[in-house]
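# Chain and residue survey
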Amino acid sequence: MKKVLITGIGGFAGRYLTKALKGKVDIFGGELDPEKCCQGEFYHKHATIYSMDINQREQVCELLDQIKPDIIYHMAAVVPIYIAISNPEIPLTTNVLGTLNLFESLRKLEQKPRVIMGGSCEEYGLIKPEETPVSEEQPLRPANTYAVSKIAQTMLGIQYFRSYNLPIMTGRAFNLTGPGQPPVYACSSFAKQIAEIMLGLASPVVNVGNLSAKRDYNDIRDIVRGYICIAESGEPGDVYNICSGQAVSMQEILDHLIELSEINIEIKTDPEKFRPSDINLVIGNNFKLKSIGYEPQYSLLQMLKDLLHYWLKKSSAPA
């Protein structure tokens, strides 16, 4: 079987990639904290995990030389937007220089693996209504340093393909959620709060941020299927949107979750949950990815049902 390396295998996307690929390839993972790969819902039984700091080029070189992977899913990154807002240098260091370490290490391998990077719709930044749905040719107008770091990643991938013929591709994931997503993200935060209300662990009040924003939300299981589709059929040097092509407001998402709870719940706006620079409308064009065989499988309602069920189960489990 082919050998696959997932950087950041202990993260949200890394865990679901491991589950989706199990039994089809030999899975290896690089992770800054391997201990977390043996906790909770991580599918560690299906992968060989190595300690690896993407910011240490020597470690990256050693691991690549040891594994000699056929495919690399580069998921190691600093993701939460609040980190980029409060500590803008952190995503720039890890996401940009860490990616540079990976690419420089790849140049030393005799057999070059296909590389799929996890990009983000945050790269598009400010999107005008007349520009939707956005294609991969959309101008990039980043609104935070996380977005800047992901743009730099994408540009590095294009440059290393053109300069050194490294087969690097980017899957530009739009907003996503699903079972196991940390509650620092809006959908998971809503679901966790509502689950605790349903279980009698909290008063019937949900704290929210900007509910008017419209997002192109996708199930994490569809996102990783997009990455795999790109690995199998994507063109090196190219960028692919992974999205549904539809927008839903945060208010609609909250309404769906409250309806699933069958409880009267008060909604309370929390100013701390608003970003300094927010984007009100995000809709992606997935024609390019569909042209190589991708088709989303999970509906919005199924995604939210599974997310709420996850938090009901987790919140009711013994501490």
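The structure contained in this document is the topic of the report that follows.

### Some words on the sheet that holds strand β1 (residues 3-7)
Here we have seven strands laid out as an open sheet, ordered β3-β2-β1-β4-β5-β6-β11, and parallel in their pairing. Looking at which strands have only one partner, the edges of the open sheet turn out to be β3 (48-51) and β11 (239-242). Direction aside, the axes of adjacent strands within the sheet are offset by 20 degrees on average. Taken together, the four bridges between strand β2 (residues 26-31) and β3 define a ladder with parallel strand orientation.

### Let's talk about the side chain of Asn95
Position of Asn95 relative to the elements: it lies in helix α4 (residues 89-106). Its relative accessible area of 0% is what places Asn95 among the buried residues. Setting aside chain neighbours within four positions, we find Asn95 in contact with Ala77, Val78, Tyr146, Ser149, Lys150 and Gln153.

### Here we look at unusual backbone geometry
Cis rather than trans, the peptide bond between Thr132 and Pro133 has omega equal to -5 degrees. Locating Pro133 in the fold gives a position in the loop between β5 (114-120) and α5 (145-164). In this model, Lys68 sits at a positive phi of 50 degrees, which is unusual for a non-glycine residue. Along the polypeptide, Lys68 turns up in the loop between α2 (57-67) and β4 (71-74). The phi dihedral of Asn165 falls on the positive side, at around 60 degrees, and the residue is not glycine. Summarising the element assignment, Asn165 is placed in the loop between α5 and β6 (168-173). For Asn165, a relative accessible area of 56% puts it in the exposed group.

### Here's the deal with the packing of helix α6 (residues 186-198) against helix α8 (residues 250-261)
The geometry of α6 relative to α8 is characterised by a closest axis approach of 10 Å and an angle of 25 degrees between their N-to-C directions. By the angle class used here, α6 and α8 are roughly parallel. For the element pair α6 and α8, the recorded crossing hand is right-handed. Along the contact surface, α6 presents Ala186, Cys187, Phe190, Ala191, Ile194 and Met198, while α8 presents Met250, Ile253, Leu254, Leu257, Ile258 and Ser261.

### Here we look at the nonpolar core
Core analysis: the biggest nonpolar cluster contains 29 residues, and Ile6, Leu17, Leu21, Tyr73 and Tyr227 have the highest contact counts within it. Contributing elements (two or more residues each) for this core: β1, α1 (12-21), β4, β6, α7 (220-233) and β11. For this core, the leading source of residues is α7, giving eight residues. Setting aside residues no more than four positions away along its own chain, Leu21 makes contact with Val4, Ile6, Ile27, Tyr73 and Ile228.

### Observations regarding a negative patch on the surface
A cluster of like negative charges, contributed by Glu252, Asp255, Glu259 and Glu262, occupies part of the molecular surface. Residue Glu252 is classed as partly exposed on the basis of its relative accessible area of 38%.

Rules of the game
- Residues numbered from 1 in each chain as written.
- Predicted model: local features only at pLDDT ≥ 70, side-chain atom pairs only at ≥ 80, totals over all residues.
- Heavy atoms only, no water.
- Pairing = 2+ DSSP bridges.
- Helix = DSSP H or I, 4+ residues; strand = E, 2+ residues; numbered from the N terminus.
- Axes fitted to C-alpha atoms, helices over the stretch in contact; angles between N-to-C directions.
- Buried < 20%, exposed > 50% of the residue type's maximum accessible area, 1.4 Å probe, protein only.
- Contact = heavy atoms within 4.5 Å.
- Parallel < 35°, antiparallel > 145°, perpendicular 65-115°, else oblique.
- Left-handed = near helix turned anticlockwise from the far one by under 90°.
- Core = buried A, V, L, I, M, F, W, Y, C linked by side-chain atoms within 4.5 Å.
- Patch = residues over 30% accessible without salt bridge, like charges linked within 9 Å, V, L, I, M, F, W, Y side chains within 5 Å.
- Areas by Shrake-Rupley, 256 points an atom, 1.4 Å probe, with all protein chains shown as cover.
- Salt bridge = Lys/Arg side-chain N within 4 Å of Asp/Glu carboxyl O.
- Lys, Arg positive; Asp, Glu negative; His and termini not counted.
- Charge placed at Lys NZ, Arg CZ, Asp CG, Glu CD.

Function cannot be read off these values alone, since they describe shape.
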